[in-house]
Amino acid sequence: MSQNAMEANATETEPQVGSSQDDDVMVEVRDLRTYYEGEGLFGGTPVKAVDGVSFDIKRGETLGLVGESGCGKSTLGRTLIQLESATGGEIRFDGTDITTLSGADLKKWRRNAQMVFQDPDSSLNDRMTIGEIVREPLDVHDWKTPRERRQHVKELLDTVGLQREHYYRYPHQFSGGQRQRIGIARTLTLEPEFIVLDEPVSALDVSVQAEVINLLEDLQEEFGLTYLFIAHDLSVVRHICDRVAVMYLGNIMEIGPTEELFANPANPYTHSLLSAIPEPDPSAHKDRITLHGTPPSPRFPPDGCPFSTRCPARIRPPEYENLDNDLWVQLDTLREVLRERDRAEKSVTDRIRELLGKEPRFGTIEEIYGELFDEHDVPADVQEILDETADLARDEGEIAALDRLGEEFGSVCEGYDPDTGGENEDTDDPVAPEYYTVSPTGRRSFCHRHDPSAEYAEPDQVLDERH
Ligand code: ADP
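Residues numbered from 1 in each chain as written. Predicted model: local features only at pLDDT ≥ 70, side-chain atom pairs only at ≥ 80, totals over all residues. Heavy atoms only, no water.

Undergrad: An account of the overall build of the protein chain is needed here, citing residue identities and associated values.
TA: For the protein chain, the helix and strand inventory stands at 17 helices and 11 strands. By residue count, 50% of the 467 residues in the protein chain fall in the buried class. A sequence separation of at least 24 residues applies to 67% of the contacts in the protein chain between residues at least 6 apart. Carbon and sulfur atoms make up 46% of the accessible area of the protein chain, which totals about 22500 Å². (Helix = DSSP H or I, 4+ residues; strand = E, 2+ residues; numbered from the N terminus. Buried < 20%, exposed > 50% of the residue type's maximum accessible area, 1.4 Å probe, protein only. Contact = heavy atoms within 4.5 Å. Areas by Shrake-Rupley, 256 points an atom, 1.4 Å probe, with all protein chains shown as cover.)

In C-alpha cells form, the structure reads like this:
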C-alpha cells in the first residue's frame, strides 16, 4: 500500500466501504444478504444470491455493478429497492434502514426508488396505452387530479424523446429503443431520487444503445438522479459509471473509481474479468487469464474467499510455491470434482439411479485420478498425498479426502472470507481490515494478498509470473 493510502486510512474512524468520507452518501449498505429458500432436491439449503455486501452509493453518482451471469447483480439491485426482502443486514437511505419499513411507510418510500428493466418487451403491458402505462404509478399513489396526471405524463414523454401524441398508442407500435424510453418515462413519474438500471440497453440494437445511454445521462443531470447501473458489457460500464463494484458469487470483490479500477485492477477476479474483454488493438499486449472450472453453486459457496476455488493468484503453502502451474490447476480440479461428487451423492436422483442399478454419473476414484494426473510429471511428495487421498476418498468418502487435500495444499484463502475480517465472521457487524483499501481514492479490494503483515506478493505480481 502506498504511503498516501496509509495516511488516508489513518484518518478514518469508521470502516470505509468504497467511498471517501467527505462525499455526500445517499445509500449505505451493510452486510446485506438475500437468500432464496431452498426447495425440493436440496431441501433447506438456500441460494445465497447476495452473501454479505457492504458499500456506499453517493448522491448523484452512477455506480456500476458488474460480474458474470448469476453472481447476484439483479438480486442486489432488487433488494436495494425492496422488490426482494433482505435476509440480513441493512440498507440505509439517508439514514433510514428501509429493510425495516412496511405498510404505508414502505409505500411512501418506494416513490424514491425505481427500477428500469432489461427487456422493454416484457415489462410493458401490451393491452394498455402508453399513457396508461406511464400514468399507472401516479394512479397507484393517487397523485393530484386526473387532468394533472395526464399533463405530467405528456411532459414526461417529451422529456424522454417521445411525442405527446404517443399517449394514446400501444407498445407494439414502437421500436425496442422507444419502448425502453417508455419504461424510463414510467420510472420517472414519481420523481425518484434513486434508480436501479438493470441491463437497460442489453436487449437493444447496438445502434440505439448509445441513444438510450445518452438519454439516461441527460436525465441524471436534469433531475439529479443517482443510478445503480447493472451490466455485463464492461465497455458500457466504463463509459457511464463513476465507480464500479465487481461481484462474484454474491460478494463484492473490488469497488472503486471506474478508470482507476479498469486501468489498474487490484483483485485477481477483476484481473480475470477484464482480461476477457477483447482488445480493440490486436497488437496491444495483454495477458489473457484463463479461469479454470465453473463458479461454485451459490447454494454451496466455499468457506473462505468466494473466488478461492478458481483464483489464479491463490496463496500456496511455501513448500508448493514453485509447483508446476498445470499440476496446480489439476489439483484444483481434483478438489472441485470431489466436492461435486460429494454433493451429487447427496442428491435424490443419484440415489434413485443407484437403487435402479443404473450407472452412477461419475467414474471410479481411480479413473478420476488417472485422468487428471497420468500425463503429468508428479513429484514424489505430491504423489504420496494423491495416493493417500485416493484411499481416503474410496474408504471414508470425499470429505475425508478433501480435508486432507485442504490441509496439504490449502492456505488462508480457504480459511475465511477476506471481507469479514476473519474473527468477526459470525457477528452482525463484520469489519474488514483497512488494508483492503488499496488506494487513496478509497478503492477496496478483498484479497488476502493485500494483508501487509503476511508479506505475500501482491496479486498483479503473482498473475504476471504465473501467466
Ligand atoms: P445476475 O443478475 O448476476 O445474473 P441473479 O441475481 O439473477 O444474478 O441470480 C443470483 C443467483 O440467485 C443465481 O444462482 C440465480 O439462479 C438465483 N436466483 C435468482 N432469482 C431467484 C429466485 N427467485 N429463486 C431462487 N433462486 C434465484
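Undergrad: Give me the lowdown on the site of the ligand, citing residues and values where you can.
TA: Close contacts around the ligand come from Tyr36, Val47, Ala49, Glu68, Ser69, Gly70, Cys71, Gly72, Lys73, Ser74, Thr75 and Pro298, and that covers them all. Contacts to the ligand include Thr75, whose side-chain N or O atom sits 2.5 Å from an oxygen atom. Those elements giving two or more residues to the shell around the ligand turn out to be strand S2 (47–58) and helix H2 (73–80). At 3 residues, H2 tops the list of elements feeding residues into the shell around the ligand. Residues belonging to the shell around the ligand are distributed by class as follows: 5 nonpolar, 5 polar and 2 charged. (Near = heavy atom within 4 Å. Polar contact = N/O pair within 3.5 Å; in protein donor to acceptor, adjacent residues only side chain to side chain. Nonpolar A, V, L, I, M, F, W, Y, C, P; charged D, E, K, R; others polar.)

Undergrad: Residue-level account of the nonpolar core, with values.
TA: In terms of nonpolar packing, the biggest core is built from 56 residues, with Ile184 and Phe229 touching the most fellow members. No other element matches the 5 residues that helix H8 (residues 206–223) contributes to this core. Discounting chain neighbours no more than four positions away, the residues touching Ile184 are Val116, Val160, Val212, Leu215, Leu216 and Leu219. Counting 30 residues, the second largest nonpolar core, distinct from the first, contains Leu32, Phe55, Leu63 and Cys71. (Core = buried A, V, L, I, M, F, W, Y, C linked by side-chain atoms within 4.5 Å.)

Undergrad: Which residues make up the confidence of the model for the protein chain, and what values go with them?
TA: Taken over all residues, the pLDDT of the protein chain has a mean of 87, while the share at 70 or more is 85%. Every residue in residues 1–16 scores below 50 in pLDDT, and together they form 20 contacts with partners more than four places removed in sequence or on other chains. (pLDDT = per-residue confidence, 0-100.)

Undergrad: Outline the sheet that holds strand S11 (residues 444–445), listing residues and values.
TA: Strand order in this open sheet of 7 strands is S6-S7-S8-S3-S9-S10-S11, and the pairing throughout is mixed. In this open sheet, the two edge strands, each paired with only one partner strand, are strand S6 (113–116) and S11. Where strand S9 (residues 243–248) lies against strand S10 (residues 251–257), 6 bridges are found, and the strand directions are antiparallel. Paired with Tyr248 across the strands is Asn251, a residue of S10. Packing of H2 onto the sheet brings it into contact with strand S3 (62–66), S6, strand S7 (194–198), strand S8 (226–230) and S9, and relative to S8 it is tilted by some 155°. Across the sheet, H8 touches S3, S7 and S8, and the angle it forms with S8 is around 155°. (Pairing = 2+ DSSP bridges. Axes fitted to C-alpha atoms, helices over the stretch in contact; angles between N-to-C directions.)

Undergrad: I'd love a proper account of the pattern of salt bridges, names of residues and values included.
TA: In this structure the tally under the stated criterion is 29 salt bridges. For Glu28, the salt bridge goes to Arg30, with nearest N and O atoms at 3.8 Å. Look at Glu28 and you get partly exposed, because its relative accessible area is 22%. Across the salt bridge formed by Asp56 and Arg30, the nearest N and O atoms sit 3.0 Å from each other. Of the two residues, Asp56 is situated in strand S2 and Arg30 in strand S1 (residues 25–36); the sequence distance between them amounts to 26 residues. You can call Asp56 buried: its relative accessible area is 7%. Sharing partners across several salt bridges, the network here consists of Glu28, Arg30, Asp56, Glu90 and Arg92. (Salt bridge = Lys/Arg side-chain N within 4 Å of Asp/Glu carboxyl O.)

Undergrad: Let's hear about the pairing of S8: which residues, and what values?
TA: Counting buried positions along S8 yields 5 of 5 residues, so the element is predominantly enclosed. Neither face of S8 is open: one carries Thr226, Leu228 and Ile230, the other Tyr227 and Phe229, and all of them are buried. Bridging between S3 and S8 involves 4 bridges; their strand directions are parallel. From the neighbouring strand, Leu65 faces S8, where its bridge partner is Ile230. Here S7 pairs with S8 via 5 bridges, running parallel. Opposite Asp198, over in S8, you have Ile230 as the bridge partner.

Undergrad: Tell me about unusual backbone geometry, and please be specific about residues and values.
TA: You will see that Gln82, though not glycine, has its phi angle at about 65°, which is positive. For Gln82, the position within the fold is in the loop between H2 and strand S4 (88–93). For Gln82, a relative accessible area of 11% gives the class buried. Positive phi outside glycine occurs at Leu249, with the angle close to 50°. In this fold, Leu249 is placed in the loop between S9 and S10. Assessed through its relative accessible area of 8%, Leu249 is described here as buried.

Undergrad: How would you explain the sheet that holds S4 if you had to name every residue and give the values?
TA: Within the open sheet, the 4 strands sit side by side as S2-S1-S4-S5. Their pairing is antiparallel. The open sheet has two edge strands with one neighbour each: S2 and strand S5 (96–97).

Undergrad: Before we move on, can you summarise the pairing of S10 with the specific residues and values?
TA: For S10, the buried fraction is high: 6 of the 7 residues fall into the buried class. Hairpin geometry of S9 and S10 is characterised by an intervening segment of 2 residues between the two adjacent antiparallel strands and by a positive phi of about 50° at Leu249. Taken together, the 2 bridges between S10 and S11 define a ladder with antiparallel strand orientation. Looking at the pairing, Glu254 lines up with Ser445 of S11.

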